[in-house]
Amino acid sequence: MSSGQKKRNFQIEAFKHKVVVDPKYADKTWKILEHAIHEIYNHNASGLSFEELYRNAYNMVLHKFGEKLYSGLVSTMTFHLQTMSKSIEAAHGGSFLEELNSKWSDHNKALQMIRDILMYMDRTFIPSTHKTPVHELGLNLWRDNVVHSDKIQTRLLNTLLELILRERTGEVINRGLMRNIIKMLMDLGPSVYQEDFEKPFLEVSADFYRAESQEFIECSDCGDYLKKAERRLNEEIERVSHYLDVKSEAKITNVVEKEMIANHMLGLVHMENSGLVKMLLDDKFDDLGRMYNLFRRVSNGLSTIRDVMTSHIRDTGKQLVTDPEKSKNPVEFVECLLEKRDKYDKIISLAFGNDKTFQNALNSSFEYFINLNPRSPEYISLFVDDKLRKGLKGVKEEDIETILDKVMMLFRYLQEKDVFEKYYKQHLAKRLLSGKTVSDDAERSLIVKLKTECGYQFTSKLEGMFTDMKTSQDTMQGFYAAYGAELANGPTLVVQVLTTGSWPTQSSITCNLPSEMLSLCEKFRSFYLGTHTGRRLSWQTNMGTADLRATFGNGQKYELNVSTYQMCVLMLFNSSDSLNYREIEQATEIPSSDLKRCLQSLACVKGKNVLRKEPMSKDIGEDDAFSVNDKFTSKLRKVKIGTVVAQKESEPEKQETRQRVEEDRKPQIEAAIVRIMKSRRVLDHNNIIAEVTKQLQSRFLANPGEIKKRIESLIERDFLERDNADRRLYRYLA
Amino acid sequence: MTRASKRKSDNQTSAPVKTARVDSVRSASSKAAKKVEERIDELYKKYANQSSHMIDPEGVEALCSDLKVDCTDVRILVLAWKMNAQKQGYFTQDEWRRGLKTLKADTITKLKKALPELEKEASKSENFDEFYKYAFRYCLTEDNKKCLDLETGCILLQLVLGVQYQAQVDSFIKFLKSQSDYKVINMDQWTNFFRFCQEISFPDLNNYDTNEAWPLILDNFVDWTKRQENVANA
């Protein structure tokens, strides 16, 4: 293997003798091949030798007769296809498609064999001469000679459309055949499918559904129409899956959507007695769901539903909150609101797929109409009061939570949350002091919810009230531990020490307590002030209650549960049999309006009239005389004598609360202005108004006029000044 | 409260110091000026109260009658503005000197002659704003008082704006007398009324926008005016 050895190159020498080509060779060979093609088309291929035919075709290409071979193929195939075309044309009626289909499958089979024979041409001659490959050529020839032949093209289209129409009207057609024919069109290339079939199909469908929808809408109600439309849509989708190109699905559903839904949207939604409003009223979840799903398919569909729903909720809501009948009973009022809210919640979750935009529309509608009634905050608080007072007795804990959660939802809609707070405080105070709260846990749970919603400032005073209650219990224990022994024979005193400020402000009017009570109270005062120096105690006799043991004329003993005022009145009758109004007023010094109410409940309520009044009338007069009702009887040993209280605030009380709310808002607005100006230094009028409104939004809706007033007040007190040049600008003066 | 009074007192102290220095420079330069000064002081003594050494309301009255103008004439207010007098009805010697010297008046006759000119000066647009505010402050008779009672306010308004904006002032005064929400006028409302007169077309009020920064009193005034109009139309 030395490197010096020379490599020898191999050479292949050409044949020494010349290959003699028969001048008739090409013609002869082609004849053989042509014959073979005829045989193939005549279903006579079994006698042919594939190997021989392949070799012939190979040789022809090799000897540069490719051109002859190719053109021969074209003309032979064309000949056969024309014959086929004739026989298809001749087919009558229903057999037309079958004939077409069978010829098509014949042609395909033939084409397969021919392509195999001519494989060498397909590989070498066709690419180098840029001719159409055999298979494709076969399809093209089929297209031009059969599908596009004058007598077939329109007939084919009409037959297809006719069959589809028949299927639409409920007939059963040969879907397999349809699938084959459509498949043929698709095989011939997407443009053939689209031009020869899809386009006219869509046009005809549009006409069909236009007419049909017109007919439907005239004779059926909205729900039925939607059912029909839905069925049609599903049919079309099914049709596509059975025998059309998948790409046609979007196109045909589009046609149905446009003709059956988009064009009739408003007519459907507003259809009398069966439109959207009616469905909402009747809770037609299925119909609503159908409408949602169908309308979702077209542009503006959902917004159409949403707008109609919104205006419907607003209108009915407005009717509800402004109905003076409903306002008579706050609990019922709130229950109606909750019912309405539940109803639409259910509709949105069941029919509208929990659509966020629908939920928002629902919320904004509620916010709109709840605030149309200025008493809504009061009523919601009264509702809570009712629930926490007695409504929840025996109710399971989860149920309490759901009710409270629902209340919170309404609370969120309120613009004047501070007004709610005011009332809530009043009602809570009454509940706590009268010992009528049913569940401490529920009370606290609601406060926690309010706290998460509005921050701790909102509830700090409410929580203070609970703390006071707890501390008072401990104080009373301490009191009785210290003085229990010496007080054993007297009445029992329970004092609740309320921190000023935490509780709703009460004008502190005291009455004259019976002497037994007075000394006890004094004892407590000295006990309390002994441990808490520097504090001041004042008695709120208008808020207390008392249990009395009373013996009536016939020796019957009862335990009377009364208010402190009522107790003061009743105790007077220990020393005298009969007293007139003025004497009672003088002795007790109870404010006259309270005294009248309290006497009314003692003397005028049937079954609880422990006092007798002269003259017997419903109202208390200044000259009336009262005596103990000897004939008083009751089935129960314990008699609870309620005070005649208006649960809902009376007009003047409402005004007063309103005024207090307005007063409380002033410092909050000022604080907001100062906060904003402190950080911004200079700001124009409109921006201040906007920012203040935004800051206070979580508590109430600040009135621009009021904000203006506060700004002026701050200018007067030199916190702000107007800019000298531009009076719209305010400057902060530090 | 405290802040306001502090600022006011700052102004009081700084202004005289400045003029005093200017005075000393002048007096050094010219003997004639000194003579004038002497005569001004003499004139001051004529009206000043012997015990308090200030021109008190009595002195002002005497001055008015010598000038042959009414005490409530706007010219007296203008004179007070020129002197930068701090307290209504009183002139101190400093104020007197400052005012008369800038007017170059050392006799009653000269002073009388200067008054119409002075009135014109005050009504010039570049001075009027200052004068207008001064008039309000001047009328606050007690220390720490920040508002004028309505009656005084109306008179003062008539006095200083009555000529320029007769229609607005008349209408506004009529409004003030018909309402009961406001019992006093503060500085902010006072200055904004002037701006209102300058900016808002009257009586149609077309370019008035309640959403702008106007004080509420003007919102109410505009409301009231429109209501009056409706009543009149009906």
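Computed from a prediction, not measured in an experiment: that's the story for all the values here. (Residues numbered from 1 in each chain as written. Chains lettered and ligands numbered in written order. Predicted model: local features only at pLDDT ≥ 70, side-chain atom pairs only at ≥ 80, totals over all residues. Heavy atoms only, no water.)

Q: Pulling in residues and values, what's your account of the interface of chain A and chain B?
A: A common way to express how large an interface is: the accessible area buried when the components associate. Listed per partner, the contact involves 20 residues of chain A and 20 residues of chain B. Taken over both partners, the interface formed by chain A and chain B buries close to 1,700 Å², and the fraction arising from carbon and sulfur atoms is 36%. Where chain A packs against chain B, one counts four salt bridges. Across the pair Lys708 of chain A and Asp219 of chain B runs a salt bridge whose closest N-O atoms are separated by 2.5 Å. Across the contact surface, chain A and chain B share 15 residue pairs in polar contact (both at pLDDT 80 or more). Breaking the side of chain A that touches chain B down by element, the ones donating at least two residues are α29 (685-696) and α30 (704-716) of chain A. Of the residues forming the side of chain A that touches chain B, the biggest block, six residues, is contributed by α30 of chain A. (Contact = heavy atoms within 4.5 Å. Buried area = accessible area lost by both parts, 1.4 Å probe. Salt bridge = Lys/Arg side-chain N within 4 Å of Asp/Glu carboxyl O. Polar contact = N/O pair within 3.5 Å; in protein donor to acceptor, adjacent residues only side chain to side chain. Helix = DSSP H or I, 4+ residues; strand = E, 2+ residues; numbered from the N terminus.)

Q: Which residues make up the pairing of strand β1 (residues 545-551) of chain A, and what values do they have?
A: Residue and element names in this part refer to chain A. Of the two faces of β1, the one holding Ala546, Leu548 and Ala550 is buried and the one holding Thr545, Asp547, Arg549 and Thr551 is not buried anywhere. Relative to strand β2 (residues 557-563), β1 runs antiparallel, the two being bridged by seven bridges. Following the sheet pairing, Arg549 is matched in β2 by Glu559. What sits between the antiparallel neighbours β1 and β2 is a turn of five residues, in which Gly555 has the positive phi angle 80°. (Buried < 20%, exposed > 50% of the residue type's maximum accessible area, 1.4 Å probe, protein only. Pairing = 2+ DSSP bridges.)

Q: If you had to explain the packing of aromatic side chains to someone new, which residues and values would you point to?
A: A complete count under the given rule lists 50 aromatic pairs over all chains for this structure. For the ring pair Phe196 of chain B and Phe221 of chain B, a centre distance of 5.7 Å and an interplane angle of 65° mean the geometry is edge-to-face. Residue Phe196 of chain B is found in helix α10 (residues 187-199), and its partner Phe221 of chain B is found in helix α11 (residues 216-233); the two are separated by 25 residues along the sequence. Comparing Phe196 of chain B with Phe221 of chain B, the two get one shared label, buried. Ring centres 6.3 Å apart and planes at 20° place the aromatic pair Phe221 of chain B and Trp224 of chain B in the stacked group. Highlighted residues: Phe221 of chain B and Trp224 of chain B, both in helix α11, separated by three residues, approximately one helical turn. Like Phe221 of chain B, the residue Trp224 of chain B is buried in the burial classification. Members of the aromatic cluster, connected to one another through ring pairs, are Phe172, Phe175, Phe193, Phe196, Tyr208, Trp214, Phe221 and Trp224 of chain B. Taking NZ or CZ as reference, Arg314 of chain A lies 4.5 Å from the ring centre of Tyr368 of chain A, over its face. Over the ring of Tyr344 of chain A we find Lys343 of chain A, and its NZ or CZ is 5.9 Å from the ring centre. (Phe/Tyr/Trp six-rings, centres within 6.5 Å; stacked < 30°, edge-to-face > 60°. Lys NZ or Arg CZ within 6 Å of the ring centre and 35° of its normal.)

Q: Mind laying out the sheet that holds strand β9 (residues 729-732) of chain A, listing which residues take part and the relevant values?
A: Within a sheet, adjacent strands bond to each other through the backbone by hydrogen bonds, running parallel or antiparallel. Residues and elements named next belong to chain A. In space, the three strands of this open sheet follow the order β7-β9-β8, with antiparallel pairing throughout. Bordering the open sheet on either side are β7 (682-684) and β8 (720-722), each of which pairs with just one other strand. Each neighbouring strand pair of the sheet contributes to a mean axis angle of 30°, computed without reference to strand direction. Summarising the sheet, β7 and β9 pair through three bridges and their orientation is antiparallel. By the bridge assignment, Asp684 is partnered in β9 with Leu729. Here α29 sits on the sheet in contact with β7 and β9, set at roughly 90° to β7. (Axes fitted to C-alpha atoms, helices over the stretch in contact; angles between N-to-C directions.)

Q: Which residues make up the side chain of Gln179 of chain B, and what values go with them?
A: All names here are of chain B. By the element assignment, Gln179 lies in the loop between α9 (166-178) and β2 (184-186). Since its relative accessible area comes to 16%, Gln179 is described here as buried. Of the polar contacts made by the side chain of Gln179, one reaches the backbone oxygen of Leu176; its length is 2.9 Å. A distance of 2.8 Å separates a polar atom in the side chain of Gln179 from the backbone nitrogen of Tyr182.

Q: So what's going on with the pattern of salt bridges? Which residues, and what values?
A: Residue and element names in this part refer to chain A. Applying the stated criterion across every chain yields a total of 67 salt bridges over all chains. Of the charged contacts in the structure, one is a salt bridge between Glu421 and Arg699, with a shortest N-O distance of 3.1 Å. One end of the pair, Glu421, is in helix α21 (residues 417-433); the other, Arg699, is in the loop between α29 and α30, with 278 residues separating them in the sequence. The pair Glu421 / Arg699 is uniform in exposure class, with both members buried. Residue Lys422 pairs with Asp664 through a salt bridge whose shortest N-O separation is 2.4 Å. With a gap of 242 residues between them, Lys422 in helix α21 and Asp664 in helix α28 (residues 651-680) connect regions that are remote in the sequence.

Q: Can you tell me about the nonpolar core, naming the residues and giving the values?
A: Ranked by size, the top nonpolar core spans 82 residues in total, and within it Met291, Phe295, Phe352 and Tyr424 of chain A carry the most contacts. Here this core gets nine residues from one element, more than from any other, and that element is helix α17 (residues 330-350) of chain A. The contacts of Tyr424 of chain A, once residues within four sequence positions are left out, are Ser381, Val384, Leu388, Arg431, Glu443, Leu446, Leu450 and Leu462 of chain A. Leu115, Phe131, Ala135 and Phe193 of chain B belong to the second-largest nonpolar core, a separate cluster that totals 70 residues. (Core = buried A, V, L, I, M, F, W, Y, C linked by side-chain atoms within 4.5 Å.)

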